[in-house]
Amino acid sequence: MLASKRILLIIGGGIAAFKALDLIRRLRERGAVVTPVLTRAGAEFVTPLSVSALAGAKVYTDLFDLTDEAEMGHIQLSRSADLIVVAPATADLMAKMAQGHASDLASTLLLATDTPVLIAPAMNVRMWQHPATQRNIATLHGDGIAFTGPNDGDMACGEHGPGRMAEPLEIVAAIDAALAEGPLKGRRILVTSGPTHEPIDPVRYIANRSSGAQGTAIARALVRLGAEVVFVTGPADTPPPDGVELHRVQTAQQMLEACHAALPVDAAICAAAVADWHVKSASTSKIKKGAGGLPQLEFAENPDILATIAQLSAGRPALVIGFAAETNDVIQNAIAKRLRKGCDWIVANDVSPETGIMGGADNEVALISDEGADHWPRMSKADVANRLAARIAETLAK
Ligand code: C5P
């Protein structure tokens, strides 16, 4: 899929720059043509020689190199690519992009281009969480910039949390998705999936049963049709799909925050089995058995993510889809739920134990819209996902 695709790869200045070398190798193995650009800070971490040797191409390093300007101007350089990839995208580079700076070769290329851009952020966790960076992220989302990562984990600086650059193969999958030609190309779609875990104490939680299989299949089907998918998942059994912007959360509150941060989107599909309640004052230490008798848990209601998104007064996605997993009066309940939540469609299914749907490979659903209930035959969850993705593509194209 990447054969002969022209990738302009901007390598920013961060410790993750070493992974950009592997990324170049992976891209070239797949037949892509990589034109590397190394920022001044990037050159502190990897040398121009190793970058150009791996890319098998000249590395561009400075805007004011007159020879380069004579050879290929920066405008042409940025426009002759099928995709611009920034890896690692540092907090500084993202700020420049969000503000429209053109103060060096990389930022000038990014400002001068009309080519799609995918960024793989990498930075210290505090820098990522800083309100300034979060504002820049929202601006870049609004500008149509695609993201891959960052991942959660240990960082070179010794801290832990979001900020690690996506791995080279994850970036390759995101590049595949960004270049995919399909009816959802250029569409940004939010998918929630999996259960949420609401802590009782540090070792216990309440949750709904959810494997995350259907949400994952939907995200995968949307990626295949060319969508940029933001996948917000609770702790699910099914591993997340490739080629999505992945956000892992535990609680309903965190899921809501991740969804808000993902906006604006063209469509939102809430497939997560969100816990309806959380424990009001979760204990910070393990509750001991015995002594004081049975623990008394006081519950508080969780935010309804689907209803919140469906009822946004500004920036509501064009299409908001919810799920109704019911054990009786499936269709009536789903029709009532669609109206109560204010969403456009409800995918309704019967999850009574005898159906084998919960945690199984198949699903049998009815799509509830303002046109009534459309009953689909029993099919695999992957086929339900493909059919739903095709319907979404059709509807967004109208
Ligand atoms: O209200 P109920 O849980 O039956 O509705 C199911 C639908 O609502 C699903 O699409 C689910 O993802 C969504 N939901 C939500 N936030 C909640 C509860 C449910 O997004 N707190």
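Basis of the calculations
Residues numbered from 1 in each chain as written. Predicted model: local features only at pLDDT ≥ 70, side-chain atom pairs only at ≥ 80, totals over all residues. Heavy atoms only, no water. Helix = DSSP H or I, 4+ residues; strand = E, 2+ residues; numbered from the N terminus. Rg over C-alpha atoms; globule rule 2.2 N^0.38 Å. Buried < 20%, exposed > 50% of the residue type's maximum accessible area, 1.4 Å probe, protein only. Contact = heavy atoms within 4.5 Å. Areas by Shrake-Rupley, 256 points an atom, 1.4 Å probe, with all protein chains shown as cover. Lys, Arg positive; Asp, Glu negative; His and termini not counted. Charge placed at Lys NZ, Arg CZ, Asp CG, Glu CD. Expected span 1.5 Å × (residues − 1). Pairing = 2+ DSSP bridges. Axes fitted to C-alpha atoms, helices over the stretch in contact; angles between N-to-C directions. Near = heavy atom within 4 Å. Polar contact = N/O pair within 3.5 Å; in protein donor to acceptor, adjacent residues only side chain to side chain. Disulfide = S-S within 2.5 Å. Patch = residues over 30% accessible without salt bridge, like charges linked within 9 Å, V, L, I, M, F, W, Y side chains within 5 Å. Salt bridge = Lys/Arg side-chain N within 4 Å of Asp/Glu carboxyl O. Phe/Tyr/Trp six-rings, centres within 6.5 Å; stacked < 30°, edge-to-face > 60°. Lys NZ or Arg CZ within 6 Å of the ring centre and 35° of its normal. Domains from an automatic or database assignment. Buried area = accessible area lost by both parts, 1.4 Å probe. Parallel < 35°, antiparallel > 145°, perpendicular 65-115°, else oblique. Left-handed = near helix turned anticlockwise from the far one by under 90°.

## Notes on the overall build of the protein chain
- Counting secondary structure elements, the protein chain contains 14 helices and 21 strands.
- Its C-alpha atoms give the protein chain a radius of gyration of 23 Å, within 12% of the compact-globule value 21 Å for 398 residues.
- In terms of principal-axis extent, the alpha carbons of the protein chain reach across some 75 × 55 × 40 Å.
- Counting across all 398 residues of the protein chain, residues that qualify as buried make up 51%.
- Restricting the contact set of the protein chain to residue pairs at least 6 apart, pairs at least 24 apart contribute 66%.
- When the accessible surface of the protein chain is summed, it comes to about 18,300 Å², and 52% of that surface belongs to carbon and sulfur atoms.
- Charged side chains in the protein chain number 36 positive and 44 negative. The centres of these two groups are separated by 3 Å.

## Observations concerning helix 9 (residues 168-179)
- Spanning 12 residues, helix 9 covers 16 Å between terminal C-alpha atoms, matching the ideal 16 Å at 1.5 Å per step.
- Along helix 9, the positions that sit buried rather than exposed are P168, I171, V172, A173, A174, I175, A177 and L179.
- Packed against the buried residues of helix 9 are strand 1 (6-11), helix 1 (17-29), strand 3 (83-89), strand 4 (117-121) and helix 10 (213-224).

## Some words on unusual backbone geometry
- Residue P88 follows A87 across a cis peptide bond; omega there is -5°.
- One can find P88 in strand 3.
- In this structure, P264 follows L263 across a cis peptide bond, with omega equal to 5°.
- Tracing the backbone through its elements, the reader meets P264 in the loop between helix 11 (252-262) and strand 13 (267-270).
- Of note in the backbone geometry, S4 takes a positive phi value of approximately 65° without being a glycine.

## Quick word on the sheet that holds strand 16 (residues 319-326)
- In space, the 8 strands of this open sheet follow the order 12-11-8-13-16-17-19-20, with mixed pairing throughout. In this open sheet, the two strands that pair with only one neighbour each are strand 12 (245-248) and strand 20 (372-375). The average angle at which neighbouring strand axes cross in this sheet is 15°, direction not considered.
- For strand 13 and strand 16, the ladder comprises 4 bridges, and the chain directions are parallel. Bridge pairing in strand 16 links C270 to G322.
- In this fold helix 11 packs onto strand 8 (188-193), strand 11 (228-233) and strand 12, with an angle of close to 175° to the strand it touches most, strand 8.

## A few points about the side chain of K341
- Here K341 is to be found in helix 13 (residues 330-341).
- K341 has contacts with D304, L306, A307, A310 and Q311, leaving out every residue within four places of it along the chain.

## Regarding the site of the ligand
- All residues in the neighbourhood of the ligand are listed as C270, A272, V274, P303, D304, I305, L306, G322, F323, K337 and K341.
- Separating an oxygen atom of the ligand from a side-chain N or O atom of K337 is a distance of 2.3 Å.
- K341 places a polar side-chain atom, nitrogen or oxygen, 2.8 Å from an oxygen atom of the ligand.
- Burial of the ligand by the protein chains amounts to 85% of its free accessible area of 440 Å².

## Focus: the pairing of strand 2 (residues 33-38)
- Where strand 1 and strand 2 come together, 6 bridges link them in parallel fashion. In the sheet register, I7 faces strand 2, and the bridge partner there is V34.

## Here's the deal with the state of the cysteines
- The final tally for this structure, using the stated rule, is 0 disulfides.
- With no disulfide of its own, C270 lies 6.1 Å from the sulfur of C259, the closest cysteine sulfur.
- Of all cysteine sulfurs, the one in C270 lies closest to C343, which takes part in no disulfide; the gap is 8.3 Å.

## Some remarks on the sheet that holds strand 4
- Read from one edge to the other, the open sheet built from 5 strands follows the order 2-1-3-4-5, with strand pairing classed as parallel. In this open sheet, the two edge strands, each paired with only one partner strand, are strand 2 and strand 5 (146-147).
- Helix 1 rests against strand 1, strand 2 and strand 3 of the sheet, and its axis sits at about 170° to strand 1.

## Quick word on a nonpolar patch on the surface
- Taken together, I15, F18 and F45 make up a surface patch of nonpolar side chains, about 330 Å² in accessible area.
- Its place among the elements puts F45 in the loop between strand 2 and helix 2 (48-55).

## Some thoughts on the packing of aromatic side chains
- Tallying each qualifying case throughout the model produces 1 aromatic pair.
- Over the face of the ring belonging to W376 we find R387, whose NZ or CZ atom lies 4.6 Å from the ring centre.

## Points about the domain arrangement of the protein chain
- When cut into domains, the protein chain gives domain 1 (1-179) and domain 2 (183-398).
- Counting residues at the interface gives 10 residues for domain 1, matched by 10 residues for domain 2.
- When domain 1 packs against domain 2, the two sides together hide about 910 Å² of surface, and 51% of this comes from carbon and sulfur.
- Where domain 1 meets domain 2, there are 0 salt bridges.
- Remark: the boundary between domain 1 and domain 2 carries 2 residue pairs in polar contact (both at pLDDT 80 or more).

## A word on the packing of helix 10 against helix 14 (residues 381-397)
- Between helix 10 and helix 14, the least distance of the axes is 8 Å, while the angle of their chain directions is 45°. The pairing of helix 10 with helix 14 is recorded here as oblique in orientation. Viewed along their axes, helix 10 and helix 14 form a crossing whose handedness is right-handed. Residues A213, Q214, A217, I218, A221, L222 and R224 of helix 10 pack against K381, A382, V384, A385, N386, L388, A389 and I392 of helix 14.

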